[in-house]
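Below are the chains, spelled out letter by letter.
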Amino acid sequence: MKLSKKVVLLGHFGVGKTSLFRRFIENEFSEEYKVTLGVQIKKKVIQLPDGRELSMIIWDTEGHSNSVEDTRKSYLLGSHAFIYVFDLTREDTYKNLNQDLAYLKETYNKVIIKTIGNKVDLVSEKIAVKNLKELNIPFDCLTSAKTNKNVKNFFLDLAEEITK
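My aim in this report is to walk through the structure given alongside it, one point at a time. (Residues numbered from 1 in each chain as written. Predicted model: local features only at pLDDT ≥ 70, side-chain atom pairs only at ≥ 80, totals over all residues. Heavy atoms only, no water.)

## So, the packing of aromatic side chains
Each pair of aromatic rings is reported with the distance of its centres and the angle of its planes.
Part 1: Applying the stated criterion across every chain, the model contains five aromatic pairs.
Part 2: Both rings, one in Phe82 and one in Tyr108, keep their centres 5.4 Å apart while their planes meet at 85°; by these two values the pair is edge-to-face. Of this pair, Phe82 sits in strand E4 (residues 81-87) while Tyr108 is found in the loop between helix H3 (97-107) and strand E5 (112-118), placing the two residues 26 residues apart along the sequence. This pair shows no difference in class: Phe82 is buried, exactly as Tyr108 is. (Phe/Tyr/Trp six-rings, centres within 6.5 Å; stacked < 30°, edge-to-face > 60°. Helix = DSSP H or I, 4+ residues; strand = E, 2+ residues; numbered from the N terminus. Buried < 20%, exposed > 50% of the residue type's maximum accessible area, 1.4 Å probe, protein only.)

Have a look at this one:
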C-alpha cells in the first residue's frame with residue numbers, strides 16, 4: 001500500500017529551501033540563486049523500513065522576510081509536516097523563529113514541525129550549536145544542501161515519523 005504525505009518547506013528568502021528540496025529529490029546542488037515564486041511541488045517515493053512506500057509530496061514555498069504568517073494559507077492546508085529552514089550564517093533568518101513556531105503550533109496543531117539550520121558547511125558546527133542554544137533557538141538538524149550533510153537522513157527520519 002502506498003501512502004502519500006504533504007511536507008511544506010518554510011523560511012526566509014535565501015536560506016536554502018530550494019537547495020535542500022533539489023538535493024533530496026534529485027541529488028543535485030547549484031551555486032546559482034534563483035528566487036522561488038509561489039510554490040514548487042515535487043514528489044519523492046521512499047521505501048520505508050517496514051516495506052511500505054511513501055510518496056512524499058514536498059512543497060518548496062517562496063521565502064518571506066518577516067513572519068511565517070506571510071505564507072499563503074492555501075500552501076499550508078492539508079500538510080502533514082512543516083520544515084522551517086533557517087540560515088546558520090544569517091541571524092535575521094532565525095531571530096523570530098520561536099514566534100513563527102508558536103504561530104504554526106497554534107494554527108496547525110496536528111502538523112509535525114521540524115526546524116533545520118542550513119549551510120553548516122559555512123560555519124563551525126560546534127559554535128553554531130552553542131550560539132543557537134544560547135539564543136534558545138530550537139533545531140532538529142543542521143544540514144548542508146551543498147555538501148549533502150544530513151539531508152537524506154533528515155528526510156528519511158521525517159518520512160518514518162509522519163507515517164506512524
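## Structural notes on the pattern of salt bridges
Part 1: Inspection of every chain in the model, using the stated rule, returns 10 salt bridges.
Part 2: Between Glu26 and Arg22 there is a salt bridge whose closest N-O contact spans 3.4 Å. Residue Glu26 and its partner Arg22 are located together in helix H1 (residues 17-26), separated by four residues, close to a single helical turn.
Part 3: On the basis of relative accessibility, which here comes to 29%, the residue Glu26 falls in the partly exposed class.
Part 4: On the basis of relative accessibility, which here comes to 26%, the residue Arg22 falls in the partly exposed class. (Salt bridge = Lys/Arg side-chain N within 4 Å of Asp/Glu carboxyl O.)

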